[in-house]
Amino acid sequence: MPIATPEVYAEMLDRAKAGKFAYPAINVTSTQTLHAALRGFAEAESDGIVQISTGGAEFLGGQYNKDMVTGAVALAEFAHIVAAKYGISVALHTDHCPKDKLDGYVRPLLDISAERVAKGQNPLFQSHMWDGSAETLADNLAIGQELLAKAAAAKIILEVEITPTGGEEDGVTHEINDELYTTVDDALRTAEALGLGEKGRYLLAASFGNVHGVYKPGNVVLRPELLKDLQEGVAAKYGKVVGSQPFDFVFHGGSGSTEQEIITALENGVVKMNLDTDTQYAFTRPIVDHVFRNYDGVLKVDGEVGNKKVYDPRSWGKSAEAGMAKRVTEACANLRSTGTRLK
């Protein structure tokens, strides 16, 4: 099946961990950006992850009522149909969901998948993210326990963010300061509360200086070697059960990272890396180029009629898709997932 079953998704993550590579997780906001992500994965011969944030889901739901669940479900159903043409396995994921949006997003989506599983079907999404980084760690993990139990029952993997990622994404903002570094104590408390697989599988978004958005070199100090400390700290207590790398890490705020920072993160257990800012630009840049080159055609200037061939959304949409797809293939190469598809 093109959309990964729970078993295939688990195999994807296991292979990434063992092979020291990671899957690009591409945020999408439309059927066209979905096609761009799928095309990029297919051209790289890589499996991958497509994800929808709360803001992306609201946008997908339409500006008339801006319903997040409608938008997420609609794109997921669309993906189940069109992904079959790409010859790769893709997991569907929901990105950052803070506490005040759980009841309007992740919890209803978990219920939908639970109903599907009860009927003998696969879940609609393969993983969901709970972003409790704005809460105290105690409250974060308490909610994480509740969500993990529901996710496991629906054959879904939960992603948790235990400490802040800097910058802003969909209205969730954190300052860039020393709190952007997860401690070994944070990791131990996470393992104690959520287990290490026996209560359900989860991905861990630990912080090592990550910042969402665009930043120039030197403005952010990434310390991906810190992930090794977290792995070793938890393995020292639970190693006989879980081995030397107990966590499946997620790399947030990866735009602008150096090659060495990415390699270090992969070596220390990162299996998923989010891309949004870079792919947004890669999608929009060809559109801007098209408009500038065809100004008199896309606009009815000075009473003229313009040129339908250049203001037809398909004329610039094809270039936008190609531009984003190219950036996705580059991400696959950077994360070493090129040529690793299961099929």
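Summarised in this report is the structure supplied together with it.

Cut-offs and rules
Residues numbered from 1 in each chain as written. Predicted model: local features only at pLDDT ≥ 70, side-chain atom pairs only at ≥ 80, totals over all residues. Heavy atoms only, no water. Buried < 20%, exposed > 50% of the residue type's maximum accessible area, 1.4 Å probe, protein only. Helix = DSSP H or I, 4+ residues; strand = E, 2+ residues; numbered from the N terminus. Pairing = 2+ DSSP bridges. Core = buried A, V, L, I, M, F, W, Y, C linked by side-chain atoms within 4.5 Å. Contact = heavy atoms within 4.5 Å.

1. Some thoughts on the pairing of strand E10 (residues 270-275)
For E10, the tally of buried residues reaches six of six residues, placing the bulk of the element in the interior. In the sheet, strand E1 (residues 23-27) pairs with E10 via four bridges, with the strands oriented parallel. From the neighbouring strand, Tyr23 faces E10, where its bridge partner is Lys272. When strand E9 (residues 249-251) meets E10, the two strands line up parallel, connected through three bridges. What sits directly across from Phe249, in E10, is Val270.

2. A few points about unusual backbone geometry
Its identity is not glycine, yet Glu45 carries a phi of approximately 55°, on the positive side. In this structure, Glu45 sits in the loop between helix H2 (31-44) and strand E2 (48-52). Despite not being glycine, Lys66 has its phi angle at roughly 50°, a positive value. Turning to its location among the elements, Lys66 is positioned in the loop between helix H3 (54-60) and helix H4 (68-82).

3. Quick notes on the nonpolar core
Judged by nonpolar contacts, the single largest core of 77 residues is most densely connected at Tyr105 and Phe247. Looking at this core element by element, the count peaks at eight residues for H4. Those residues in contact with Phe247 that sit more than four places away from it in its chain are Lys17, Ala187, Ala191, Leu196, Tyr202, Leu204, Leu230, Gln231, Val234 and Gly269. With 15 residues, the next largest nonpolar core counts Ala4, Tyr9, Ile49 and Ile157 among its residues.

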